[in-house]
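Chain residues, written in single-letter form:
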Amino acid sequence: MRLRNKPWAADLIAANPSMILVSPEDIAGKWQTRFAKEQPIYIEVGSGKGQFITQMAQKYPDRNFIAVEIQESAIAVILQKQVELKLPNLQLLLGNGAALTTFFAENEVAGVYLNFSDPWPKTRHEKRRLTYKSFLAEYQQIMQPTGYLRFKTDNQGLFEYSLMSLNDYGMVFDDISLDLHNSELAEDNIQTEYEEKFSKRGQVIYRLEAHYK
Ligand SMILES: C[S@@+](CC[C@H](N)C(=O)[O-])C[C@H]1O[C@@H](n2cnc3c(N)ncnc32)[C@H](O)[C@@H]1O
């Protein structure tokens, strides 16, 4: 994600406290109070510029969504969209996905989306991959027993790694697709910015869905 620091980002965030929180310490267990309606909460970790999460919020008004993004310049782009759209079922969190258990209480989340996460191909960076076991433990602690993890990527290496990592963690696979755009799931699929870019280049998109035992 190549976004230079935008001087307006901090100002925009400060001006919209009802739409975005910045690494809050006292929000765990209280997210429902920030939405218009109490309904299941789904989060996307690493939302980038937010095409996926804003479209999901529009398509599923009976669900609440939270974009979790570590880069201020990226989440400010989502916030700009939300200032215009004013979706009652979308909230933003500027924070690190590695610290989800400080932001969410047990069972607060119904599902976690990971889309085109940074691959971190070097072995010494394995711990930064969003499907590394420490991240899987974070998702597990905040997710309801019926919850699911959905992951999409164009990166074969990261996909294979993620299959092994989730399997080693003891997760159960509900669905694995080696060519999402030519599968029965394509019709309902909402594309992310990266997904559009990579599929236009002819790359296949991998997808998996899994849950905890
Ligand atoms: C390659 S981009 C993909 C963006 C978007 N999901 C898409 O598919 O178009 C990965 C995003 O994940 C964010 N990210 C990486 N590590 C993160 C972490 N630990 N917590 C939250 N966001 C993270 C990056 O800042 C970046 O915006």
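Since the structure is predicted, the reported quantities are computational estimates derived from the model, not experimental observations. (Residues numbered from 1 in each chain as written. Predicted model: local features only at pLDDT ≥ 70, side-chain atom pairs only at ≥ 80, totals over all residues. Heavy atoms only, no water.)

Trainee: Any details on the overall build of the protein chain? Residues and values, ideally.
Mentor: For the protein chain, the count of helices and strands is seven helices and eight strands. Computed over the C-alpha atoms, the radius of gyration of the protein chain is 16 Å, within 12% of the 17 Å expected from 2.2 N^0.38 for a compact globule of 213 residues. Classification of the 213 residues of the protein chain by burial places 48% in the buried group. Long-range contacts, defined here as pairs at least 24 residues apart, represent 76% of the contacts in the protein chain between residues at least 6 apart. When the accessible surface of the protein chain is split by element, carbon and sulfur atoms take 49% of a total near 10,800 Å². Charge separation in the protein chain, taken as the distance between the mean sites of 24 positive and 27 negative side-chain charges, equals 6 Å. (Helix = DSSP H or I, 4+ residues; strand = E, 2+ residues; numbered from the N terminus. Rg over C-alpha atoms; globule rule 2.2 N^0.38 Å. Buried < 20%, exposed > 50% of the residue type's maximum accessible area, 1.4 Å probe, protein only. Contact = heavy atoms within 4.5 Å. Areas by Shrake-Rupley, 256 points an atom, 1.4 Å probe, with all protein chains shown as cover. Lys, Arg positive; Asp, Glu negative; His and termini not counted. Charge placed at Lys NZ, Arg CZ, Asp CG, Glu CD.)

Trainee: Summarise the pattern of salt bridges; cite the residues concerned and give the values.
Mentor: Following the criterion strictly, the structure yields six salt bridges and no others. The shortest N-O distance in the salt bridge between Asp188 and Lys59 comes to 3.4 Å. With a gap of 129 residues between them, Asp188 in the loop between β7 (172–177) and α7 (193–200) and Lys59 in helix α2 (residues 51–59) connect regions that are remote in the sequence. Judged by relative accessible area, Lys59 falls into the partly exposed class, the value being 37%. A salt bridge links Arg207 to Glu209; the shortest N-O distance between them is 3.3 Å. Classification of Glu209 as buried rests on a relative accessible area of 13%. Linked by salt bridges that have partners in common, Arg150, Asp175, Arg207 and Glu209 make up one network. (Salt bridge = Lys/Arg side-chain N within 4 Å of Asp/Glu carboxyl O.)

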